[in-house]
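# Tertiary structure, described
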Amino acid sequence: MARVLLIDNDPALCDEVRQALLPLGVEAFVAPTGERGLESFRHCRPDLVVLDTDLPDISGMDVCRGIRSTSAVPVLFLSARDDDGVVIAGLEAGADRYLVKPVAARVLRSHVATALRHLDRTGPDRVPAERHGDLVIDRVGAEVTLRGRRVRLAPSERTLLFTLSAAPDRVFSRADLMAVVGEAGAGANPRTVDSCVKRLRLKLGESRRAPGCIETVRGRGYRFRVPQDGDAGR
């Protein structure tokens, strides 16, 4: 599992970032200050750092320079400051990317996935694909295979599967899933999630007669059920 360190003193934003990265199946660590961030960096050895420029103790630029002095780990600035001078200073401090808040969840997720894709896939920090019976999920490569054959999923279907499978047995409400597939907001229709689940199940070869990984929890939502050894066809 890839590890992401988020250094930001805004709890609400940290929750939003955690939610946005959920489909990637990463393990997220949060540090509210620069000093705590540098300490956490030494202890958790993250694969990616998401960093604010303005922190309550030391500047994000100094944190980035401190990280870069000992590591080539990807660093992504996520800041409310968009003036050219700050952007240039962030990149010159050693950051690989600079994003301006607010940023859409799918955009942030894409940047993080791209950064993680450059990890050494053969070394000790590689991000392996997950196997769930005959279903194999490669989050960083954004690929899904079933019985050795690639399953072609629409972005919303893939995001839905990645979200559910990142937390097996956790029940996600329709509201939760609407948020991650980009359907949240005024006028959003909860049935959009149901339709997405139906299409996903068809592509995974699931049906009422042959239930699979995507389980309906009546009155609550959906969850990912890890196939058991005795499950037929899995």
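Since the model is a prediction, treat every value here as computed from it, not as a measurement. (Residues numbered from 1 in each chain as written. Predicted model: local features only at pLDDT ≥ 70, side-chain atom pairs only at ≥ 80, totals over all residues. Heavy atoms only, no water.)

Next up on the list: the pairing of strand β11 (residues 221–224). Relative to β11, strand β10 (residues 214–217) runs antiparallel, the two being bridged by four bridges. For Ile214, the partnering residue across the bridge sits in β11 and is Phe224. Here β10 hands over to β11 after three residues, with Gly219 in that stretch at a positive phi of 80°. (Pairing = 2+ DSSP bridges. Helix = DSSP H or I, 4+ residues; strand = E, 2+ residues; numbered from the N terminus.)

Moving on: the packing of helix α1 (residues 11–21) against helix α5 (residues 105–117). Where α1 contacts α5, the axes come no closer than 9 Å and their chain directions differ by 65°. The pairing of α1 with α5 is recorded here as roughly perpendicular in orientation. Remark: the crossing between α1 and α5 carries right-handed chirality. Residues Val17, Ala20 and Leu21 of α1 touch α5, and the partners they reach there are Ala105, Leu108, Arg109 and Val112. In terms of residue class, the contact of α1 with α5 is made up of six nonpolar, no polar and one charged. (Axes fitted to C-alpha atoms, helices over the stretch in contact; angles between N-to-C directions. Parallel < 35°, antiparallel > 145°, perpendicular 65-115°, else oblique. Left-handed = near helix turned anticlockwise from the far one by under 90°. Contact = heavy atoms within 4.5 Å. Nonpolar A, V, L, I, M, F, W, Y, C, P; charged D, E, K, R; others polar.)

What follows covers the sheet that holds strand β2 (residues 27–31). Across the sheet, which stays open at both edges, the five strands sit in the order β2-β1-β3-β4-β5 with parallel pairing between neighbours. The outermost strands of the open sheet, each flanked by one partner alone, are β2 and β5 (97–100). Taken pair by pair, the neighbouring strands of this sheet meet at an average axis angle of 20°, ignoring direction. Where strand β4 (residues 75–79) lies against β5, four bridges are found, and the strand directions are parallel. Across the sheet, Leu76 pairs through a bridge with Arg97, a residue of β5. Across the sheet, helix α3 (residues 60–68) is in contact with β1 (3–7), β3 (48–51) and β4; its angle to β4 comes to roughly 175°. Its contacts with the sheet put α5 on β3, β4 and β5, and the angle it makes with β5 is roughly 170°.

Here the focus is the pattern of salt bridges. Evaluated as defined, the whole model comprises 10 salt bridges. Where Asp134 meets Arg147, a salt bridge forms, and the shortest distance between an N and an O atom there is 3.6 Å. Linking Asp134 in the loop between β6 (130–132) and β7 (135–138) with Arg147 in the loop between β8 (143–146) and β9 (149–150), this pair joins segments that are 13 residues apart in sequence. Salt-bridge contacts for Glu157 lead to Lys203; the nearest nitrogen and oxygen are separated by 2.7 Å. With Glu157 in helix α6 (residues 155–166) and Lys203 in helix α8 (residues 191–203), this pair connects stretches of sequence that are 46 residues apart. (Salt bridge = Lys/Arg side-chain N within 4 Å of Asp/Glu carboxyl O.)

Confidence in the prediction of the chain, expressed as mean pLDDT, is 83, and 85% of residues score 70 or more. A low-confidence stretch, residues 120–125 stays under pLDDT 50, and its non-local contacts, those more than four residues away or across chains, total 10 contacts. (pLDDT = per-residue confidence, 0-100.)

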